[in-house]
Amino acid sequence: MTNLLVELQTEELPPKALDTLSKAFGNEIAKSLAAQHLTEAGSVATCYGTPRRLAVHITNVLDHSADEPFSKKLMPKAIGLDAEGKPAAPLLKKLQALGLGADAKLVTKTEGGKDFLYVEDTKPGIPLAEGLQAAIEDSAKKLPIPRVMSYQLPDGETTVEFVRPVRYLTALYGEDVVPVTFLGLKAGRVTRGHRFMSAGEMTIDSADSYAEQLKNACVMVSYADRRALICKLLNDKAAELGGTAIMPEALLDEVTALTEWPVVYASEFEKEYLSVPEECLILTMQLNQKYFPLRDASGRLMNKFLLVSQLVAADGGKEISAVRARLADAKFFYETDQKETLESRVPGLKNVVYHAKLGSQFERTDRVRAMAGLIAIGLHASPEDAARAAYLAKADLRTLMVGEFPELQGIMGQYYAQHDGEKADVALAIREHYQPRFAGDALPSTPVSLSLAIADKLETLTGLFGIGQMPTGEKDPYALRRHAISILRMVIEKNLPLKLSDLLELGFEIERHVEGVKDARKELRDFFFDRLRVMFKDQGYTAQEIVLSLNPDQLNEIPARLAAVRSFEKLPESEALAAANKRISNILKKIEGEVPTKIDPSLFESDAEKALSSAIDQVEPAALADFEAGHYEEMLSRLSTLKTPVDEFFDKVM
């Protein structure tokens, strides 16, 4: 057995898709070869990806697959053979479709009293070149390409499509070239090293020497190894400077996909720029320059940063000034924005369209303000502060800074509110009302912030549901699922005394003043409960434990109810009582008309009826008290004592 190497050397690949593309390319080739029985057990595929290549190294590859006997059911014998026992037209047609002739070996097998014809033959193995050709073509079709590029081949006539133009195709089986083709290229052993720090074209000796030879040409072919090296270099350099690098995962992935030979340099900017909010500086460096800011031991932003290059600079990277222009812009935006108050910007929201059917951001602000003030009352927060925060919450959309960096909306609103002298709770609510922005994000921290955050998301849900813009299938352009889960998280995790019915009534009562908005509270209520089921399933609760058939209105009680059900299931009486409860439900469904709610003891005919009634009378008051107090585990524990009288009742009373 020998190892195989396949490489496509390309023009620069899209960095945000590189890791996914390289894994898909390599794994699909390996999967296809395995399906064609061209790899042995224990074969390992190692995927490589750099800005200018997709490659895979596969161990334990065969040069030819083994012949494979097969048996295939064709048709009933009575149809396949004529009166003389010779192949009839339908059978000949079937054999022809399988690439076989009339002389194929046929056997008869009896199934269910009928005779069926089977063909038994041996499928010859295929050479590696044939299997690899199919594997490469199959892999190319399945690549998750973000955007296809069309380009002409060197013949000047043929146009092909791929993620980026391919310049070289390398396919080596051990030391031998595998004669395959792709996009007009014939496989060889020639590729290119680093664009600037190598001699250009180079010859690969064997499949196993590929990674080492490219390393000598200043190319680290392993994405994972480059990423690990970048992390180490950043941490080491930051430590030298007495700081810690801010390294978001997405930025690490991106710079890994931009470099073939990572080198880390340090630089700095003038301290005067530290007067700008650190979020602006960090975002400017990360988003525009792909730099890594530094924090000192106390957590404050330093006027130093690190960058990842793929060139060994002659001056050691001492002079890096590109960031200064971007920081100067940020400083200008910040200082200019402060010349106008947030309040003065609110009327400008009339020119910002929220939704064609729901009006402008200014009109939406009025609706959110009304909701936030009323929700605040239920949370024992200041309704005036919540309404004030709602009025100012979207004003930063009209600032230069947010216009340049939309990611800073809310964040800049807090800074500008503080500069304007707004209350601390109001300023914080402006920042936190977007939270949680994603799964696992922190929740708003104060009652005022929670009031505004719930109101903001509730207005979105009621408004869009009211005009029929519900999510369909996987499509959710307005992130309504996220908004619903955010409200549920806030109410449940913060243990807020808010009823879902009250929220829906509030939302649609305010939304009804918008022309064309209908009351869709039933649809939205069902939507919330669907999200609840998903939430609790993700937390490990079973479908049986998620007792949502009661549709509890007080959402913050649900975790206690689920915990009680899980505790109840551990009791020896639980299975019998659950079965009895299901039986009772089925009996009640058959009753025509209104179900009686009062018991008449004078109608009892047996001791089992009397015993059950007596047991219920003893347990019911305390169980109801537990239920009202939210002591659900205690309530279910009390009810478990009814097992014996319930069993007796069903055994002896028909």
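Given the structure is predicted, the values throughout are model-derived calculations rather than measurements.

The rules we used
- Residues numbered from 1 in each chain as written.
- Predicted model: local features only at pLDDT ≥ 70, side-chain atom pairs only at ≥ 80, totals over all residues.
- Heavy atoms only, no water.
- Axes fitted to C-alpha atoms, helices over the stretch in contact; angles between N-to-C directions.
- Helix = DSSP H or I, 4+ residues; strand = E, 2+ residues; numbered from the N terminus.
- Parallel < 35°, antiparallel > 145°, perpendicular 65-115°, else oblique.
- Left-handed = near helix turned anticlockwise from the far one by under 90°.
- Contact = heavy atoms within 4.5 Å.
- Nonpolar A, V, L, I, M, F, W, Y, C, P; charged D, E, K, R; others polar.
- Core = buried A, V, L, I, M, F, W, Y, C linked by side-chain atoms within 4.5 Å.
- Buried < 20%, exposed > 50% of the residue type's maximum accessible area, 1.4 Å probe, protein only.
- Pairing = 2+ DSSP bridges.
- Salt bridge = Lys/Arg side-chain N within 4 Å of Asp/Glu carboxyl O.

1. Observations regarding the packing of helix H15 (residues 424-432) against helix H16 (residues 447-466)
Okay, step 1: For the pair H15 and H16, interaxial distance at closest approach is 8 Å and the crossing angle is 40°. As summarised for this structure, H15 and H16 are arranged oblique, according to the angle between their axes. Handedness of the crossing formed by H15 with H16: right-handed. Residues Asp425, Leu428, Ala429, Ile430 and Glu432 of H15 touch H16, and the partners they reach there are Val448, Ser449, Leu452 and Ala453.
Okay, step 2: Of the residues contributing to the contact of H15 with H16, the split by class is 6 nonpolar, 1 polar and 2 charged.

2. Describing the nonpolar core
Okay, step 1: Of all hydrophobic cores here, the largest spans 92 residues; its most connected members are Ile375, Met401, Leu461 and Phe528.
Okay, step 2: If one sorts the elements of this core by residue count, H16 sits on top with 10 residues.
Okay, step 3: By size, the runner-up hydrophobic cluster in this structure holds 41 residues, among which are Ile58, Leu169, Val178 and Leu185.

3. Remarks on H15
Owing to its 3.6 residues per turn, the α-helix brings residues three or four apart onto one side.
Okay, step 1: Within the sequence span of H15, burial applies to Val426, Ala427, Ala429, Ile430 and Glu432.
Okay, step 2: On its buried face, H15 sits against helix H10 (342-345), helix H12 (383-392), helix H14 (411-420) and H16.

4. A look at the sheet that holds strand S2 (residues 45-50)
Hydrogen bonds between backbone atoms are what pair the strands of a sheet, whose relative direction is either parallel or antiparallel.
Okay, step 1: Read across the sheet, 5 strands follow the order S2-S3-S1-S9-S10 without closing on themselves; strand pairing throughout is antiparallel. Either end of the sheet is taken by a strand with one partner, and the two such strands are S2 and strand S10 (176-177).
Okay, step 2: Its contacts with the sheet place helix H4 (residues 128-142) against strand S1 (2-10), strand S3 (53-61) and strand S9 (166-173), and it is angled at close to 40° to S1.

5. Quick look at the pattern of salt bridges
Okay, step 1: Applying the stated criterion to the full structure yields 39 salt bridges.
Okay, step 2: Arg195 is the salt-bridge partner of Glu12, the closest N and O atoms lying 2.8 Å from each other. Of this pair, Glu12 sits in the loop between S1 and helix H1 (18-35) while Arg195 sits in the loop between strand S13 (190-192) and strand S14 (201-203), and the two are 183 residues apart along the sequence.
Okay, step 3: The exposure class assigned to Glu12 is partly exposed, which follows from its relative accessible area of 36%.
Okay, step 4: Classification of Arg195 by relative accessible area gives partly exposed; the value is 38%.

6. Quick look at H12
Okay, step 1: With 7 of 10 residues buried, H12 is to be regarded as a mostly interior element.
Okay, step 2: Taken as a whole, H12 has its buried residues at Asp385, Ala386, Ala387, Ala389, Ala390, Tyr391 and Leu392.
Okay, step 3: The inward-facing, buried residues of H12 contact H10, helix H11 (361-378), H15 and H16.

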